[in-house]
Number of protein chains: 2
Amino acid sequence: MGEPRRRIPEATVARLPLYYRALLDTAEREIATVSSERLAELAGVNAAKVRKDLSYLGSYGTRGVGYDVEYLLHEISRELGLTRDWPVAIVGVGNLGRALANYRGFGARGFRVVALIDADPDVVGTTVGELVVEPLAELDRIVAEREIVIGILATPATVAQDVTDQLVDAGVTSILNFAPALVTVPEGVSLRKVDLAIELQILSFYQLRRAFSGPGGLAPERRKSVL
Amino acid sequence: MGEPRRRIPEATVARLPLYYRALLDTAEREIATVSSERLAELAGVNAAKVRKDLSYLGSYGTRGVGYDVEYLLHEISRELGLTRDWPVAIVGVGNLGRALANYRGFGARGFRVVALIDADPDVVGTTVGELVVEPLAELDRIVAEREIVIGILATPATVAQDVTDQLVDAGVTSILNFAPALVTVPEGVSLRKVDLAIELQILSFYQLRRAFSGPGGLAPERRKSVL
DNA sequence: CCGACTTTGAGAATCTGGTCACAAGCGACC
DNA sequence: GGTCGCTTGTGACCAGATTCTCAAAGTCGG
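This one's a predicted model, so the numbers in the text were calculated from it and none came from an experiment.

Basis of the calculations
Residues numbered from 1 in each chain as written. Chains lettered and ligands numbered in written order. Predicted model: local features only at pLDDT ≥ 70, side-chain atom pairs only at ≥ 80, totals over all residues. Heavy atoms only, no water. Helix = DSSP H or I, 4+ residues; strand = E, 2+ residues; numbered from the N terminus. Buried < 20%, exposed > 50% of the residue type's maximum accessible area, 1.4 Å probe, protein only. Pairing = 2+ DSSP bridges. Contact = heavy atoms within 4.5 Å. Axes fitted to C-alpha atoms, helices over the stretch in contact; angles between N-to-C directions. Near = heavy atom within 4 Å. Polar contact = N/O pair within 3.5 Å; in protein donor to acceptor, adjacent residues only side chain to side chain. Nonpolar A, V, L, I, M, F, W, Y, C, P; charged D, E, K, R; others polar. Buried area = accessible area lost by both parts, 1.4 Å probe. Salt bridge = Lys/Arg side-chain N within 4 Å of Asp/Glu carboxyl O. Expected span 1.5 Å × (residues − 1). Least-squares fit on C-alpha atoms with pLDDT ≥ 70 in both. Bend = angle between axes of the 7 residues up to and from the residue.

A. Spatial organisation of the environment of A211 of chain A. Residues and elements named next belong to chain A. Relative to the assigned elements, A211 resides in helix α8 (residues 196–213). On the basis of relative accessible area, A211 is assigned to the exposed category, the value being 56%. As for A211 and S190, which are separated by 21 residues in sequence, their C-alpha atoms are 39 Å apart.

The following block contains the structure:
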């Protein structure tokens, strides 16, 4: 049953979680409606963008009033698939993997870490939180049994591609890659990357520019003014 | 002495670290030159983009031959400021902060973590790696004495803005925010954001779309084909 | 029920980035 | 030294995203 949904631009999809969070905060304060202006402020974007983004989801606002917080929250979470339960596996239980496993904020909204997997026999069998680390060899069975579709890759760079291939073979169709390495996946599998070193290097670039051109130099990435 | 550098597009800056890493790998294998084609493959982009990006830095290639690996490596690292030493402070020593502190790959290229800072008296005084966690109250002194310009924010969301303000007041001009919260900084300060929950939500969106429209559905983010 | 006021939704214009295509430049080989 | 093949660098074009603007649609007070 493919509702004939309009195509939502990538850039918009990337901002929906921002609105979602802003709306959660607003709902918590028991505020019933928000204007695009206010929502923009909370999400750190501008009002026109908020309106355009939300208009891709449908006409959920009321002119002269704004958006109903609860309703919009519901629509966005449906669109983002947060009404479902997404079992997640973390592969690679080093420093980062462990930190991610303990991270609250996943569990909060549908993302449940249901497996920790590592190749190192010394790590397998250890407990992190409520989970026991399982061996990579069991990956296929684990993914199938627990219906895992999202994998978080926190291995060293050297084995990143190899582990990715195994994840894909096992049936995982969304991968979040924390390993500092290029990883490719077949068509039909989503891949996103988070790279600490790259982020720092980008900051370094703009830092350097500022140092050269003096205060108030060239535009850095995502500059924001204080309110 | 502001060399009249051409303006480099944001998107290009964000890719320079990719090229940098690819070139490092190439240099390690003692390969002297790379074509844009090969570099593109290693960085996961297309060749035209590589050439255009590199052309913003200057004409460092040789037609008919390609780019000299060592030379290009040098130019990119200079452009990114990786020839300098950037002392970094991590504020917030919870799970994530600790993992980041232990993360190799920062230290590697100019980014040295020289301070771990937390507000919790129970955490202050503990040791992580070779560093002792210091109190938030000392921030000003620490930043000044160690000439810290980059701050990594790994606090809970609730105090993110407050800690950011303190970092900025202390003189930090680049901030990498891991806290799941909107943070604003004054003009002249760079801010980048890494948000685990948001990345998962974006994956969830495309996952859902695929589930609806069957395999081979709508275009997911950053899809890549296997080679 | 009307008029003033607010705020959305969306078309048009603009900006930024990505892709294409090819002339220019360089090395190699004869 | 001339010719051939390869690869860069860039101008022209195209696509996607952002911003601007304003008519349309609603609320609210009287």
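B. Region of interest: the sheet that holds strand β10 (residues 190–193) of chain A. Residue and element names in this part refer to chain A. Spatially, seven strands are ordered β6-β7-β5-β4-β8-β9-β10 in an open sheet, and the strand pairing comes out mixed. With partners counted over all chains shown, the strands left at the sheet margins are β6 (127–128) and β10, one partner each. By the bridge criterion, four bridges tie strand β8 (residues 150–153) to strand β9 (residues 174–177) in an arrangement that is parallel. Paired with L153 across the two strands is N177, which belongs to β9. In the packing of helix α7 (residues 157–170) onto the sheet, the strands contacted are β4 (86–91), β8 and β9, and the crossing angle to β8 comes to about 170°.

C. Structural view of the protein's contact with DNA strand D. In the neighbourhood of DNA strand D, 24 residues make up the surrounding shell, with R15, N46 and R63 of chain A together with S36 and Y67 of chain B lying closest. One nitrogen or oxygen atom from the side chain of K52 of chain B is found 3.3 Å from a base nitrogen belonging to DNA strand D. Backbone polar atom of G61 of chain B to a phosphate oxygen of DNA strand D: 2.9 Å apart, as the coordinates give it. Here the surface near DNA strand D is built from residues that sort into six nonpolar, nine polar and nine charged.

D. Broad picture of the sheet that holds strand β1 (residues 33–34) of chain B. All names here are of chain B. Strand order across the open sheet formed by three strands is β1-β3-β2, with antiparallel pairing between neighbours. Among the strands making up the open sheet, the edge pair consists of β1 and β2 (61–62). Direction of pairing for β1 relative to strand β3 (residues 66–68): antiparallel, over a ladder of two bridges. Pairing of T33 across the sheet is with D68, part of β3.

E. Looking closely at the interface of chain A and chain B. Each side of the interface is counted separately: chain A has 78 residues, and chain B has 79 residues. Approximately 8,000 Å² of surface area, both sides summed, lies buried where chain A meets chain B, with 61% of it carried by carbon and sulfur atoms. Counting the surface chain A buries against chain B, the share from its top three residues, R192, L200 and L203 of chain A, is 9%. Linking chain A to chain B there are six salt bridges. The partner of D195 of chain A in a salt bridge is R21 of chain B, and the shortest N-O contact between them spans 2.8 Å. Inspection of the region where chain A meets chain B yields 24 residue pairs in polar contact (both at pLDDT 80 or more). Looking at the side of chain A that touches chain B, the elements that each hand over two or more residues are α1 (10–28), α2 (36–43), α4 (69–80), α5 (95–102), β8, β9, β10 and α8 of chain A. With 16 residues, α8 of chain A is the largest single contributor of residues to the side of chain A that touches chain B. Per-class residue counts for the side of chain A that touches chain B are 45 nonpolar, 14 polar and 19 charged.

F. Structural view of helix α1 (residues 10–28) of chain B. When the terminal C-alpha atoms of α1 of chain B are compared, their 28 Å separation across 19 residues agrees well with the 27 Å that a helix rising 1.5 Å per residue should span. T12, V13, R15, L16, P17, L18, Y19, Y20, A22, L23, T26 and A27 of chain B are the residues of α1 of chain B that are buried.

G. Just the relation of the copies chain A and chain B, in detail. With an RMSD of 0.0 Å, the operation that places chain A on chain B is a rotation of 180° combined with a shift of 0.0 Å along the axis. Such values leave the two copies arranged in the relation of a two-fold axis. Rotation axis and chain A: the residue whose C-alpha lies nearest the axis is A99 of chain A, separated from it by 3.1 Å. Mapped onto chain B, 100% of the interface residues of chain A again fall at the interface, so both copies present the same surface.

H. Here's a closer look at the protein's contact with DNA strand C. Taken together, 26 residues surround DNA strand C, and among them S36, G64 and Y67 of chain A together with N46 and R63 of chain B come closest. In DNA strand C, atoms within 4 Å of the protein come from the sugar-phosphate backbone in 70% of cases. In the model, a phosphate oxygen of DNA strand C is placed 2.7 Å from a nitrogen or oxygen of the N46 of chain B side chain. Those elements giving two or more residues to the surface near DNA strand C turn out to be α3 (47–57), β2 (61–62) and β3 (66–68) of chain A together with α1 and α3 (47–57) of chain B. Class assignment of the residues belonging to the surface near DNA strand C gives a composition of six nonpolar, eleven polar and nine charged.

I. Representation of α1 of chain A. Along its length, α1 of chain A reaches its greatest deviation from straightness, about 25°, at L16 of chain A, and the proline P17 of chain A lies no more than four positions downstream. E30 of chain A sits one or two positions beyond α1 of chain A and adopts a positive phi of about 55°.

Purely spatial values, then, with no claim about function.
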